[in-house]
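Structural overview
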Amino acid sequence: MPSFKCADLGMDCSFMAKSITKSGLMKKIQAHASEVHKITSIPADLRAKIESAVK
Ligand SMILES: [Zn+2]
């Protein structure tokens with residue numbers, strides 16, 4: 001199951017998410033980024049970092 005941790009991006013944040021699908025996971029990450037990090041739209045370079053951090 002794909003999972004993601006904010007800490008993997010060097011963020012001082014304990015958030016982690018899991019989802020059955022990668023697209024579902026990206027939705028959870030986007031919601032978290034918007035609520036907690038005030039990143040309402042994820043730029044392409046950050047998206048690439050997130051995708052490489054997803055396991
Ligand atoms: Zn976070």
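As a starting point, this report considers the structure included with it. Throughout this document, residue positions are counted from 1 along each chain, in the order its sequence is written. Local features in this predicted model are restricted to residues whose pLDDT is 70 or higher, and side-chain atom pairs enter the listing and the counts only when it is 80 or higher, whereas totals over whole chains, interfaces and linings include all residues. Water and hydrogen atoms were dropped before computing side-chain values, which therefore reflect all heavy atoms in the structure.

What about the overall build of the protein?
- Elements are defined by DSSP. Helices are runs of H or I of four residues or more, strands are runs of E of two residues or more, and each kind is numbered from the N terminus. Scanning the protein for helices and strands turns up 2 helices and 2 strands.
- When the helices and strands of the protein are listed from N to C terminus, the series reads β-β-α-α.
- The C-alpha atoms of the protein give a radius of gyration of 10 Å, which matches the 10 Å a tight globule of 55 residues would have.
- C-alpha extents for the protein along the principal axes are approximately 25 × 20 × 20 Å. In this description the radius of gyration comes from C-alpha coordinates, and the expected globular size is given by 2.2 Å times residues to the power 0.38.

Remarks on the coordination of the zinc ion
- Any N, O or S atom lying within 2.8 Å of the metal counts as a donor, and for Na, K and Ca the limit rises to 3.2 Å; water is left out, so some sites can look incomplete. Within the protein, Cys6 (SG), Cys13 (SG), His32 (NE2) and His37 (NE2) serve as the donor atoms for the zinc ion, at 2.0 to 2.3 Å.
- Between the 4 donor atoms coordinating the zinc ion, the angles at the centre fall across 102 to 117°, so the site counts as tetrahedral.
- The sequence motif formed by the donor residues of the zinc ion is C-x6-C-x18-H-x4-H. On the criterion of sequence distance, the pair formed by Cys13 in the loop between strand 1 (3–5) and strand 2 (16–18) and His32 in helix 1 (residues 22–36) is long-range, its members being 19 residues apart.
- For Cys13, a relative accessible area of 18% translates into the label buried.
- Relative accessible area serves as the criterion here: at 9%, His32 is assigned to the buried category. Irregular is the default label, applied whenever a site is not tetrahedral (four donors, all angles between 85 and 135 degrees) and neither square planar nor octahedral (four or six donors, opposite donors over 155 degrees apart, all other angles between 65 and 115). Burial status follows relative accessibility: with a 1.4 Å probe on protein chains alone, a residue under 20% of its type maximum counts as buried, one over 50% as exposed, and anything between as partly exposed.

Things to note about the pattern of salt bridges
- Salt bridges are identified by distance alone: a Lys or Arg side-chain nitrogen within 4 Å of an Asp or Glu carboxyl oxygen. Applying the stated criterion across every chain yields a total of 1 salt bridge.
- With a closest N to O distance of 3.0 Å, Lys55 and Asp8 form a salt bridge. Residue Lys55 is found in the segment after helix 2 (44–53), and its partner Asp8 is found in the loop between strand 1 and strand 2; the two are separated by 47 residues along the sequence.

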